[in-house]
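Close look at the chain arrangement
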Amino acid sequence: ADWETITQGTGKVAKDTFITTITVRNHAPSLRAWLEFWRIDELLETLESLDVMSPTDIALLEEKEVHKIGLKTVQKLHWQKALAHGKYLESIHFDKPPSPLYLWLETWRLERLQKGLFDLGCD
């Protein structure tokens, strides 16, 4: 959501609304929504039967499990893109909430200090 939407045009927002917005921003989309985005949502039941619960889980599937799914030609193309995206989401820890320190640094546009502070044990 953008600032105008959150503040309803007033430019002000209650603290609890702001905290809620920040807290949910890094939650991964539902598996169904993510598969719909990649146009392979017909695989939902199959993936759920393989215990895939989030976009980052598809990278954990073994090649033989993926082969058993029986992807069609176009689905294979979408699968490769979805797999790359799932690996990207995992690399940025998308399904894990950001640390309070990071949120504070981001608020004050001080992200450049993050590595040094984390190296000192701050979080």
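Look up: the structure comes first, before these words.
Thresholds applied
- Residues numbered from 1 in each chain as written.
- Predicted model: local features only at pLDDT ≥ 70, side-chain atom pairs only at ≥ 80, totals over all residues.
- Heavy atoms only, no water.
- Helix = DSSP H or I, 4+ residues; strand = E, 2+ residues; numbered from the N terminus.
- Buried < 20%, exposed > 50% of the residue type's maximum accessible area, 1.4 Å probe, protein only.
- Expected span 1.5 Å × (residues − 1).
- Arc of directions from axis to C-beta.
- Contact = heavy atoms within 4.5 Å.

1. Section: unusual backbone geometry
What is expected of a backbone is that most residues other than glycine have negative phi and most peptide bonds are trans. Its identity as a non-glycine residue notwithstanding, Arg39 has a phi of 60 degrees, on the positive side. In this structure, Arg39 sits in the loop between helix H3 (31-37) and helix H4 (44-49). Judged by its relative accessible area of 61%, Arg39 falls in the exposed class. At Asp51, a position not held by glycine, the phi torsion is positive, near 65 degrees. Mapped onto the elements of the fold, Asp51 is located in the loop between H4 and helix H5 (63-69).

2. Some thoughts on helix H6 (residues 73-91)
For H6, which comprises 19 residues, the first-to-last C-alpha distance of 28 Å matches the rise-based estimate of 27 Å (1.5 Å per residue) to within 8%. Those residues of H6 lying buried are Gln75, His78, Trp79, Ala82, Leu83, Gly86 and Leu89. Buried positions in H6, seen along its axis, are confined to an arc of 145 degrees and lie on one side of it. In H6, the exposed positions angled more than 90 degrees off the buried face are occupied by Thr73, Leu77 and Gln80. Against H3, H4 and H5 lie the buried residues of H6. The first or second residue beyond H6 is His93, which carries a positive phi of 55 degrees.

This is a description of form; function is not addressed.
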